[in-house]
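Here's the letter readout for the chains.
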2 protein chains.
Amino acid sequence: MGALTSRPDATYISARPSDVSGGIIARQEYAKVDINVGKDWFERIIVEAEIVYTRYPVKGVYPYLPYGAKLARNLEELVHERLEASGHEPIVFPSLIPLSLFKREVDFFEGFMPEALLASRKLSGEELEEPLVLRPTSEVPIYHVFAQLISSYRQLPLKVYQTVNVYRIETRATAPLLRLREVTLFNEAHVFCRSEGEARRIFEEAVELYRGIYDHLRIPYVIVKSPPWDLFPGAVENYDFITVLPDGKVLELASVINLGQKFARAFKVRFQDVDEEVKYAWQLCYGIGIDRMIAALVWLHGDSRGLVLHPDVAPIQVVVVAIPPEPELVEGARGAVASALSGYRVHVDDDTQRTPGWKFYYWEQRGVPVRVEVGRRELASSTLTLVDRVRFEKARVPLSSAAEEVERRMELVRGALWERAVTKVSEALRKRALLLDLDFDRGECEAVEEERGVSTLGKVVGSNFLPEECVGKMLFGKKY
Amino acid sequence: MGALTSRPDATYISARPSDVSGGIIARQEYAKVDINVGKDWFERIIVEAEIVYTRYPVKGVYPYLPYGAKLARNLEELVHERLEASGHEPIVFPSLIPLSLFKREVDFFEGFMPEALLASRKLSGEELEEPLVLRPTSEVPIYHVFAQLISSYRQLPLKVYQTVNVYRIETRATAPLLRLREVTLFNEAHVFCRSEGEARRIFEEAVELYRGIYDHLRIPYVIVKSPPWDLFPGAVENYDFITVLPDGKVLELASVINLGQKFARAFKVRFQDVDEEVKYAWQLCYGIGIDRMIAALVWLHGDSRGLVLHPDVAPIQVVVVAIPPEPELVEGARGAVASALSGYRVHVDDDTQRTPGWKFYYWEQRGVPVRVEVGRRELASSTLTLVDRVRFEKARVPLSSAAEEVERRMELVRGALWERAVTKVSEALRKRALLLDLDFDRGECEAVEEERGVSTLGKVVGSNFLPEECVGKMLFGKKY
């Protein structure tokens, strides 16, 4: 068993408190905020912060409420931007797949047999001509259609993506954002290549793309190569991005899958190459779940006061509270921040009934990275009082430099998020995961699984926080 | 029967050819472009321009290909922006609805009985504990959840929206973009109000919001109030936005629905009012289909050469073709437009094999509003040659004023789109619709339906192109 020590990358070391300029006029005790938050906290906070509704009457199905939907949309946009910047084009495919088409690739069909959902009749009782599978993922419809559209090497590589709902009725326990039966926001990319070498190169680019997204979001991850006996149905090689949550369970954050030519042969995805020979395409697919991304952000960045949201994806980056909450002060505050902080997603709390203390609690729980307080003194002196969501340091800054000071606090928050997340993930890994010097040997791995009550996650091929010497070891843990 | 004359609003009169400055160096005959395009054209062009794939093996189900998906996304963003600007908040709700919950509002249940789809078992054959309805629209899950979350008048009015896939397995014929069984991109808004008066006010705001969207897109519409015997299931009043396609069939573009308190009573959506009494909410829902919006844009704006896309939503606003297609000229063109047209969605066609003529045809068919041609002469003289997609007027303009000249041509295109669409819709209405002086009298309307083989669409309450005197008349036609 390997003890894993945390090693935050140098580029992520957070700004120190002294990096925040402006006269600090108050500081709440950092120690009052506990980052050691467990499963009860997670389930309470996603309800109280109105991320999802957790009592929907279908097991494993959770509607997003407005605050959660806005967070999800910002994450979706981040993923889409990065996919498009690297040449992926959007598509929108239906969720209904004819059963006969779904059976075309045998391993895939058998792999999804236990969890795919069927629609076979109408509410009126009338049977459909053919039962329809609700997509557990979209290989089948996409490969069937592009097989008809691809004819020449000039069209390759072809990279497409979509974010859609998918259905996976697994028998295991469900949990909001973590284990769903209707996955609300699944982003899947599908790639058609001319050669094995091109597929390999794009496989590596996809791994880098996902690395970039989770590095940006300050989420620690381990990349594991899956055991050959536990691949995605129809795949020849899988890499999974995983993280470990404070309850010790492993969460799959994304996966990159080399499909070789198995689907191409099943669906007849062929093209005429430059040498005029007709060849089968080489295929990849990769997926990243927005729902699970949110679970990781919530749990790994949060503290005992509630969410702490990464400033780049927070629905509200700056909340403004007038003290006292008088209409005239609210209007003054609105005018001041409109000019000083026009580049940010700012929300002015214009409720004139609630106390400032109530509002502080409310917006801290929702993880708004920076709070602005405006009173008579601020309006008279053309200043704003800023408070960050991590150290709760209060400083009065001139309106003229407010945007710059907000940015500095956001950078402080980004750094703190990384430190918190690494602390949590490292501790959970140390306590609940196993890292062994083993090869891919099914017998040996299964012996470990049985003895320790864990699953074989795979061989470590990379990480943004583990020491280099972990690469090549076999990782075991309990999966969500 | 009323003869309908077209009356384009003065604000929509297009720029005249002489409004486009720059020395016009060539002009193709406008007469060569026929705008009288029929159903065969529509079905061919959505395939050739790669909007959707039309041979998917489930009836009424059509995947969006990349070009179509980009157009759809731009339209979705337009709708979302307008909804958010008027206080609607996003949500993301699941498609799975327990059958028992779906039965809660009786009229709704019976109304959707013939077309809703059920999922009741897994691919493995295992039956679910309870059959799940696939949403035909999301009243049921949304009202059930918000009934639990709404408690006070302070939360009202509450306006939420989402764009999702919905399922409607109607028995009637299907057609790509027009009549779908899985509607890929259905935008639905749901509103909870404190009083009947508030609901009435927001009903009118929703009508204005949809008016604004279709006015902006240059789509002629008629707003009809539905016959009381043909309302949305569970509704007390409906307004439908309709247009008439060149084949004479009526397409519903959007609808605004007053639900009164029927759903509030069925789902117990209650709140404590300022007088401390507990009251039922008043509800509205309104929906706008992105798929049908695309159908209208394609068919009403297109011409015999293919699509003509509204510049504000076109995936590519400006396409750049190097003549001859040599790598060096392509690079020169890329540099020139990168600085001169940085504010636009520009695509540089960097294929060096195809002829300019082939490319002109290709991009005209895809409806790109403005083409830029770059040759040695343009590079040497710091000019660009611009060609618009409507009149095909070719003019050489200095790089320094290129952005302004492109904008002028886009305005020319916008104006032409409106003129074309009004011509097409007016003609179709004149030939295939009936406008009668009738009241809502079921017997009389059914007599007209039977005699003329049409449906009662409803009473005209507004339009962006019909003369004022049509308001109050009863409209009949054949529906898609």
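As the structure is a computational prediction, the values presented were derived from the model and not from experiment.

**Student:** Help me out: how do you make sense of the overall build of chain A in this one?
**Tutor:** Counting its secondary structure elements, chain A contains 13 helices and 21 strands. Here the C-alpha atoms of chain A give a radius of gyration of 25 Å, agreeing with the 23 Å that 2.2 N^0.38 yields for 480 residues. Principal-axis analysis of the C-alpha atoms places the extent of chain A at approximately 75 × 55 × 50 Å. Within chain A, buried positions represent 61% of all 480 residues. Within chain A, residue pairs in contact and separated by at least 24 positions form 73% of the contacts whose partners lie at least 6 positions apart. With the model as given, the accessible surface of chain A reaches about 17900 Å², and the carbon-plus-sulfur share is 47%. For chain A, the separation between the mean place of its 62 positive charges and that of its 70 negative charges on side chains is 3 Å.

**Student:** What exactly am I supposed to notice about a negative patch on the surface here?
**Tutor:** A grouping of A:E77, A:E81, B:E77 and B:E81 is seen on the molecular surface, where their side chains present a negatively charged patch. Only α2 (66-85) of chain A together with α2 (66-85) of chain B provide two or more residues apiece to the negative patch. Assignment of secondary structure puts A:E77 in helix α2.

**Student:** Explanation requested: the interface of chain A and chain B in the structure shown.
**Tutor:** Often, the extent of an interface is quoted as the loss of accessible area upon association of its parts. With 63 residues of chain A at the interface, the matching set in chain B holds 63 residues. Between chain A and chain B, roughly 5200 Å² of surface is buried when both sides are summed, and carbon and sulfur atoms account for 67% of that area. Its largest share of buried area at the contact with chain B, chain A owes to A:V92, A:K122 and A:L123, together 14% of the area lost on that side. In this structure, the connection of chain A to chain B is made through four salt bridges. In this structure, the salt-bridge partner of B:R73 is A:E84, at a minimum N-O distance of 2.6 Å. With five bridges connecting them, strand β4 (residues 117-122) of chain A and strand β4 (residues 117-122) of chain B associate as antiparallel partners. For A:R121, the partnering residue across the bridge sits in β4(B) and is B:L118.

**Student:** Any chance you could explain the pattern of salt bridges here in plain terms?
**Tutor:** Two side chains with opposite charge may pair up if their charged atoms get near one another. Per the stated rule, a full pass over the model turns up 78 salt bridges over all chains. Here A:E205 makes a salt bridge to A:R201, at a shortest N to O gap of 2.8 Å. Of this pair, A:E205 and A:R201 both sit in helix α6 (residues 196-216), four residues apart, which is roughly one turn of the helix. Note on A:E205: relative accessible area 35%, which makes it partly exposed. Note that B:D303 is salt-bridged to B:R389, the shortest N-O span being 2.9 Å. Here B:D303, found in the loop between α8 (290-301) and β14 (318-322), pairs with B:R389, found in the loop between β17 (383-388) and β18 (393-398); they are 86 residues apart in sequence, far enough to count as distant.

**Student:** Sorry if this is basic, but what is going on with the relation of the copies chain A and chain B here?
**Tutor:** Both copies of the chain are placed relative to one another by a rotation about an axis and a shift along it. Rotating chain A by 180° and moving it 0.0 Å along the rotation axis overlays it on chain B with an RMSD of 0.0 Å. When the rotation and shift are considered jointly, the pair of chain copies conforms to a two-fold rotation axis. It is A:A119 whose C-alpha, among those of chain A, lies nearest the rotation axis, at 2.1 Å.

**Student:** Honestly, the confidence of the model for chain A in this entry has me stumped. Any pointers?
**Tutor:** Detailed reading of the predicted model is not advised wherever pLDDT is low. Residues at a pLDDT of 70 or more form 94% of chain A, whose mean pLDDT is 93. Per-residue pLDDT stays below 50 along residues 1-18 of chain A; that stretch engages in 41 contacts with residues further than four places along the chain or on separate chains.

**Student:** Looking at this structure, I do not really get the domain arrangement of chain A. What am I missing?
**Tutor:** Residue and element names in this part refer to chain A. By domain assignment, chain A separates into domain 1 (10-37 + 305-423) and domain 2 (66-301 + 439-479). Here domain 1 and domain 2 have C-alpha centroids that lie 38 Å from each other. If you look at the interface, domain 1 gives 21 residues, while domain 2 gives 19 residues. Summed over the shared surface of domain 1 and domain 2, the result is zero salt bridges. Inspection of the domain 1/domain 2 interface yields six residue pairs in polar contact (both at pLDDT 80 or more). Split by residue class, the side of domain 1 that touches domain 2 holds 14 nonpolar, one polar and six charged.

**Student:** When you look at unusual backbone geometry in this model, what are you seeing that I'm missing?
**Tutor:** Glycine aside, a negative phi is what most residues show, and trans is what most peptide bonds show. All names here are of chain A. Following I323, the chain continues into P324 via a peptide bond in cis, with omega recorded as -5°. Structurally, P324 can be placed in the loop between β14 (318-322) and α9 (327-340). Although it is not a glycine, R218 sits at a positive phi angle of roughly 60°. By the secondary structure assignment, R218 is in the loop between α6 and β8 (222-225).

**Student:** Any chance you could explain the sheet that holds β4(B) here in plain terms?
**Tutor:** Two strands in a sheet stick together by hydrogen bonds in their backbones, pointing the same way (parallel) or opposite ways (antiparallel). Spatially, the six strands line up as an open sheet ordered β3(A)-β5(A)-β4(A)-β4(B)-β5(B)-β3(B), and their pairing is antiparallel. Here the strands that pair on one side only, and so sit at the sheet edges, are β3 (96-98) of chain A together with β3 (96-98) of chain B. Mean inter-strand twist for the sheet, computed between neighbouring axes without regard to direction, equals 45°.

**Student:** Looking at this model, I keep getting lost on the packing of α2(B) against α8(B). Mind explaining?
**Tutor:** Between two packed helices, the angle of one axis relative to the other and the distance separating the axes together describe the packing. Residue and element names in this part refer to chain B. Orientation of α2 relative to α8, taken along the N-to-C sense of each, is 115°, at an axis distance of 10 Å. Relative to α8, the element α2 lies roughly perpendicular. α8 is crossed by α2, and the crossing has right-handed handedness. Contacts between α2 and α8 involve L71, A72, L75, E76 and V79 from the former and I290, M293, I294 and L297 from the latter. Residue composition of the contact of α2 with α8, grouped by class: eight nonpolar, no polar and one charged.

**Student:** Explanation requested: the pairing of β14(B) in the structure shown.
**Tutor:** On a regular strand, each side chain points to the face opposite its neighbour's, so the side chains alternate between the two faces of the sheet. Residue and element names in this part refer to chain B. Of all five residues in β14, five are buried; the element is thus mostly enclosed. Burial along β14 is two-sided: V318, V320 and A322 and V319 and V321, pointing in opposite directions, are all buried. Note: β14 against strand β15 (residues 346-349), four bridges, orientation parallel. Note on β15: the bridge partner recorded for V319 is H347. Taken together, β14, helix α9 (residues 327-340) and β15 constitute a β-α-β crossover, and its handedness is right-handed.

**Student:** For this particular structure, what's the right way to read the environment of A:K478?
**Tutor:** Residues and elements named next belong to chain A. Tracing the backbone shows K478 in strand β21 (residues 474-479). Take K478: its relative accessible area is 38%, and that puts it in the partly exposed class. A sequence separation of 26 residues divides K478 from R452, and the C-alpha atoms of the two residues are 9.9 Å apart.

**Student:** It is not clear to me how the packing of aromatic side chains should be interpreted in this structure. Could you clarify?
**Tutor:** What characterises a pair of aromatic rings is the spacing of the ring centres plus the angle enclosed by the ring planes. Residue and element names in this part refer to chain A. The final tally for this structure, using the stated rule, is 38 aromatic pairs over all chains. Pairing F112 with F232 gives two aromatic rings, centres 5.9 Å apart and planes at 70°, and the pair type is edge-to-face. In this pair, F112 sits in helix α4 (residues 106-112) while F232 sits in the loop between β8 and β9 (237-244), placing the two residues 120 residues apart along the sequence. Take F112: its relative accessible area is 4%, and that puts it in the buried class. Taking the centre distance of 4.9 Å and the plane angle of 80° together, the rings of F203 and Y239 count as edge-to-face. Within this pair, whereas F203 is found in helix α6, its partner Y239 is found in strand β9, the two being separated by 36 residues in sequence. An aromatic cluster of at least three residues, connected via ring pairs, comprises F93, F102, F108, F109, F112, Y143, F146, F192, F232, F263 and F267.

**Student:** Explanation requested: the pairing of strand β9 (residues 237-244) of chain B in the structure shown.
**Tutor:** Residue and element names in this part refer to chain B. Among the eight residues that make up β9, eight are buried, leaving the element largely enclosed by the rest of the structure. Neither face of β9 is left uncovered, since the one carrying E237, Y239, F241 and T243 and the one carrying N238, D240, I242 and V244 both have all their residues buried. The sheet contact formed by strand β8 (residues 222-225) and β9 spans four bridges and is antiparallel. Among the inter-strand pairings, I223 is bridged to a residue of β9, identified as F241.

**Student:** Sorry, what's going on with helix α10 (residues 356-365) of chain B here?
**Tutor:** Helical geometry: 3.6 residues make up each α-helical turn, so side chains three or four residues apart lie on a common side. All names here are of chain B. Regarding α10, the residues found buried are P356, K359, F360, W363, E364 and Q365. Looking at the packing, one finds that the buried side of α10 touches α1 (39-48), β14, β15 and β16 (370-374). Of the residues one or two after α10, G367 is the one with positive phi, at around 75°.

Basis of the calculations
- Residues numbered from 1 in each chain as written.
- Chains lettered and ligands numbered in written order.
- Predicted model: local features only at pLDDT ≥ 70, side-chain atom pairs only at ≥ 80, totals over all residues.
- Heavy atoms only, no water.
- Helix = DSSP H or I, 4+ residues; strand = E, 2+ residues; numbered from the N terminus.
- Rg over C-alpha atoms; globule rule 2.2 N^0.38 Å.
- Buried < 20%, exposed > 50% of the residue type's maximum accessible area, 1.4 Å probe, protein only.
- Contact = heavy atoms within 4.5 Å.
- Areas by Shrake-Rupley, 256 points an atom, 1.4 Å probe, with all protein chains shown as cover.
- Lys, Arg positive; Asp, Glu negative; His and termini not counted.
- Charge placed at Lys NZ, Arg CZ, Asp CG, Glu CD.
- Patch = residues over 30% accessible without salt bridge, like charges linked within 9 Å, V, L, I, M, F, W, Y side chains within 5 Å.
- Salt bridge = Lys/Arg side-chain N within 4 Å of Asp/Glu carboxyl O.
- Buried area = accessible area lost by both parts, 1.4 Å probe.
- Pairing = 2+ DSSP bridges.
- Least-squares fit on C-alpha atoms with pLDDT ≥ 70 in both.
- pLDDT = per-residue confidence, 0-100.
- Domains from an automatic or database assignment.
- Polar contact = N/O pair within 3.5 Å; in protein donor to acceptor, adjacent residues only side chain to side chain.
- Nonpolar A, V, L, I, M, F, W, Y, C, P; charged D, E, K, R; others polar.
- Axes fitted to C-alpha atoms, helices over the stretch in contact; angles between N-to-C directions.
- Parallel < 35°, antiparallel > 145°, perpendicular 65-115°, else oblique.
- Left-handed = near helix turned anticlockwise from the far one by under 90°.
- Right-handed = clockwise from strand over helix to strand, strands pointing away.
- Phe/Tyr/Trp six-rings, centres within 6.5 Å; stacked < 30°, edge-to-face > 60°.

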